[in-house]
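Remarks on the overall topology
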Amino acid sequence: MMVRFTNQFLAIAFTLLIMAGAQQVFAQNEESDGSVNTVVTTNSKDGVFSSTASYTFDVKSTYKNPQAGRLKYVVTTEAGKLMKSDSVRVKLGSKGSASYDFEIAGLKAGFYKINFMINTTDYDDTTRKAFGIKPEEIRSQYGKPADFETFWNNAKAELGKVKPEYKVTEMPDSSKDNRRVFLVEMKSIGGLTIRGWLTEPITKNKNKKFVVMLALPGYQVDLKPLYGLDPDIALLSLNIRGQGNSRDVINVRKETYITLGIEDKNKYVLRGAIMDCVRAVDFIFTRPELRHDNIIAVGGSLGGFLAVATSSVDKRISFCSAANPILSDVRNLVDEVDWPFIDIRKYVNTRPGLTFDKVLNNMDYFDAKNFASGIKCRTLVGMGMVDNIAPPNTVQTLYNVIPSDKHLIIFRDLAHEIGKKYVVYEGRWMRDTFALF
């Protein structure tokens with residue numbers, strides 16, 4: 001009986017111990033259950049400041065237990081060089097809140113990254129932002145080659161010797177949205193065949209002439225026929241050599257494309273790609289239904305680069321729209337981004353006698369900012385302030401040297417992308433430029 005009683009007592013005691021522990025754990029969970037919510041407000045609509053950057057950091061706790069710790073900010077250049085840092089104490093009562101104002105002064109013209117790091121009793125987080133100081137004053141310390149214009153005039157002369165052999169094939173099965181679709185084929189520099197898609201609004205007006213939007217592709221993007229409801233605009237989407245349906249001769253891996261022929265500026269793939277765009281403009285001039293005086297070159301990323309380059313070397317472009325253009329201010333870009341320089345360095349290491357300095361010398365002829373200074377038409381540029389492929393300082397450098405009528409739209413919290421505001425502005429400015437009312 002004693003054994004049975006003892007076992008029962010131990011069982012009851014153990015159960016009570018478990019229950020007590022559970023109550024304690026429950027009490028602890030109840031005490032620690034909650035969250036800390038933070039909001040970082042940039043005290044500038046586009047993140048650009050004339051002298052002193054200003055931020056407000058709001059923090060709110062839903063924890064019952066008090067929160068204590070520190071809030072720190074760190075400012076670096078686009079290349080990661082530390083410029084400024086500071087911190088303040090954070091002390092929140094039960095379910096408390098607080099607001100902290102930061103002013104960052106004394107920075108020269110440029111774009112900067114800023115990280116806000118909060119660490120409290122039960123919370124740890126980082127918020128990443130970017131801002132600009134007097135960006136209109138940004139200039140590159142690197143100029144363009146003395147023979148830059150000669151180099152590109154020679155490329156156009158070489159293209160002019162290639163018979164285009166235009167071929168246009170209607171694709172009835174692809175027609176929609178009251179548009180006819182045509183497959184366009186033509187010969188470009190080096191004798192390579194390039195292709196694209198022309199879509200035209202269907203109209204009963206036999207004398208109708210359409211404004212032309214020349215759509216240029218992003219890196220390794222396969223452009224398809226582009227549609228739309230605007231009855232005044234024809235759309236020519238071009239696939240440059242080695243992309244989309246223009247991969248006959250050049251059909252390589254994505255990481256290999258950017259290095260093709262890079263050891264010789266006269267054989268570099270982007271030389272041919274830019275001439276492909278010029279050849280597309282040649283094609284537009286052969287079509288009686290297309291307006292030869294109303295051509296917009298438009299693209300994003302590599303397409304933005306191509307729009308800038310084409311508008312510079314071919315003055316038949318009437319309007320340039322470049323969103324997040326890559327490969328601007330290349331020599332400064334090397335220390336700020338991984339791509340494309342990881343792939344380029346790998347390539348250099350496989351080529352005896354080739355040096356990275358030699359590659360940079362060649363890349364000077366393909367630097368978007370060097371093209372930008374030659375643009376004569378209206379130009380719209382878009383940038384994301386936290387872009388890690390086309391950093392804002394490199395895009396701003398390009399924008400600042402454009403001598404023609406221009407407009408820049410900055411997306412404060414976007415990376416390698418643009419928002420709807422850009423597309424709306426582009427459409428309105430284009431219609432105003434081309435008198436489409």
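Look above for the structure.
First things first, this report covers the structure right here in the doc. Throughout, residues of each chain are indexed from 1 in the direction in which the sequence is written. In keeping with the model being predicted, local features are shown solely for residues with a pLDDT of at least 70 and side-chain atom pairs are shown and tallied solely at 80 or more, while totals for entire chains, interfaces and linings include all residues. To get the side-chain values, all heavy atoms of the structure are used, and hydrogens and water are removed first.

The next point concerns the overall build of the protein chain. Secondary structure summary: the protein chain contains 11 helices and 17 strands in total. With respect to the principal axes defined by its C-alpha atoms, the protein chain has extents near 110 × 55 × 55 Å. Taking all 437 residues of the protein chain together, 50% fall into the buried category. Here a residue-residue contact requires only that any non-hydrogen atoms of the pair lie within 4.5 Å. Across the protein chain, every contact between residues at least 6 apart in sequence was considered, and the portion connecting residues at least 24 apart equals 68%. Counting only carbon and sulfur atoms, one obtains 52% of the accessible surface of the protein chain, whose full area is about 20900 Å². Just so you know, the count uses Lys and Arg for positive and Asp and Glu for negative, and it drops His and the chain ends. Every charge is mapped to an atom, namely NZ of Lys, CZ of Arg, CG of Asp or CD of Glu. The protein chain carries 58 positive and 49 negative side-chain charges, and their two centres are separated by 2 Å. Put simply, DSSP H or I for four residues or longer makes a helix, DSSP E for two residues or longer makes a strand, and each gets a number counted from the N terminus. Buried, partly exposed and exposed residues are distinguished by accessible area as a fraction of the type maximum, computed with a 1.4 Å probe on protein chains only: under 20%, between the cut-offs, and over 50%, respectively. All accessible areas in this document rest on Shrake-Rupley with a 1.4 Å probe, and a residue is counted as covered only by the protein chains that are shown.

Our next topic: the environment of Leu238. Topologically, Leu238 is positioned in strand 13 (residues 233–239). For Leu238, a relative accessible area of 1% gives the class buried. Leu238 sits 93 residues away from Arg331 along the chain, and the two C-alpha atoms are 29 Å apart. When residues no more than four places from it in sequence are discounted, the contact partners of Leu238 are Ile194, Arg195, Gly196, Leu214, Ala215, Leu216, Pro217, Leu223, Asp276, Cys277 and Ala280.

What follows deals with the pattern of salt bridges. When a carboxyl oxygen of Asp or Glu is within 4 Å of a side-chain nitrogen of Lys or Arg, the pair counts as a salt bridge. Per the stated rule, a full pass over the model turns up 22 salt bridges. Its salt-bridge partner being Lys208, residue Asp232 comes within 2.7 Å of it at the nearest N-O pair. Remark: Lys208 occurs in the loop between strand 11 (193–201) and strand 12 (210–216) and Asp232 occurs in the loop between strand 12 and strand 13; sequence separation between them is 24 residues. Overall, the relative accessible area of 17% leaves Asp232 in the buried class. For Lys208, a relative accessible area of 24% translates into the label partly exposed. Between Glu289 and Arg287 there is a salt bridge whose closest N-O contact spans 3.0 Å. Given the relative accessible area of 18%, Arg287 is considered buried.

Right, let's get into unusual backbone geometry. The residue after Trp339, namely Pro340, is reached through a cis peptide bond having omega 10°. Residue position: Pro340 is located in the loop between helix 6 (330–333) and helix 7 (341–348). With a phi close to 50°, Asp329 is a non-glycine residue in the positive phi region. Note that Asp329 resides in the loop between strand 15 (319–323) and helix 6. A positive phi angle, close to 55°, is found at Ala435, a residue other than glycine.

So, on to the sheet that holds strand 3 (residues 53–61). By this definition, two strands are paired if DSSP reports at least two bridges between them. Strand order in this open sheet of 3 strands is 1-3-6, and the pairing throughout is antiparallel. Either end of the sheet is taken by a strand with one partner, and the two such strands are strand 1 (36–42) and strand 6 (97–104). Each adjacent strand pair in this sheet contributes to an overall mean axis angle of 15°, direction not counted. Here an angle of 0 to 180 degrees is reported between the N-to-C directions of two axes, which are lines fitted to C-alpha atoms, with helices fitted over the stretch in contact.

A few words on helix 2 (residues 148–160). To estimate how far a helix should extend, the number of its residues minus one is multiplied by 1.5 Å. When the terminal C-alpha atoms of helix 2 are compared, their 19 Å separation across 13 residues agrees well with the 18 Å that a helix rising 1.5 Å per residue should span. Tucked into the core, helix 2 has its buried residues touching helix 4 (269–284), helix 5 (302–313) and helix 9 (368–372).

Okay, the side chain of Ser328 next. Within the element layout of this structure, Ser328 appears in the loop between strand 15 and helix 6. Classification of Ser328 as buried rests on a relative accessible area of 1%. Polar contacts involving the side chain of Ser328 include one to the main-chain carbonyl oxygen of Thr394, which spans 2.7 Å. Setting aside residues no more than four positions away along its own chain, Ser328 makes contact with Leu333, Asp367, Ala368, Lys369, Thr394 and Leu398. Two N or O atoms form a polar contact when they lie within 3.5 Å of each other; inside protein one atom must be a possible hydrogen donor and the other a possible acceptor, and for residues adjacent in sequence the pair counts only when both atoms belong to side chains.

What follows concerns the state of the cysteines. Put plainly, a disulfide is one covalent bond tying together the sulfur atoms of two cysteines. In plain terms, two cysteine sulfur atoms within 2.5 Å form what is called a disulfide here. Within the structure shown, the criterion is met by 0 disulfides. For the unlinked cysteine Cys320, the closest cysteine sulfur is that of Cys377, found at 5.5 Å. Looking at Cys320, the relative accessible area reads 0%, which means it is buried. The buried category is assigned to Cys377, whose relative accessible area is 10%.

Looking at chain direction, strand 12 and strand 14 (residues 290–300) are connected through 6 bridges and run parallel. Looking at strand 14, one finds that Leu216 is bridged to Gly299. With 5 bridges connecting them, strand 14 and strand 15 associate as parallel partners. Along strand 15, the bridge assignment pairs Gly300 with Ala323. Here the term right-handed applies to a crossover when the path leading from its first strand over the helix to its second strand runs clockwise, the strands being oriented away from the viewer. Taken together, strand 14, helix 5 and strand 15 form a β-α-β motif whose crossover is right-handed.

This part covers the pairing of strand 4 (residues 67–77). Pairing between strand 4 and strand 5 (residues 82–92): 10 bridges, direction antiparallel. Bridge pairing links Arg70 to Arg89 in strand 5. Between strand 4 and strand 5, which follow one another and run antiparallel, lie 4 residues, and Gly80 among them has a positive phi close to 95°.

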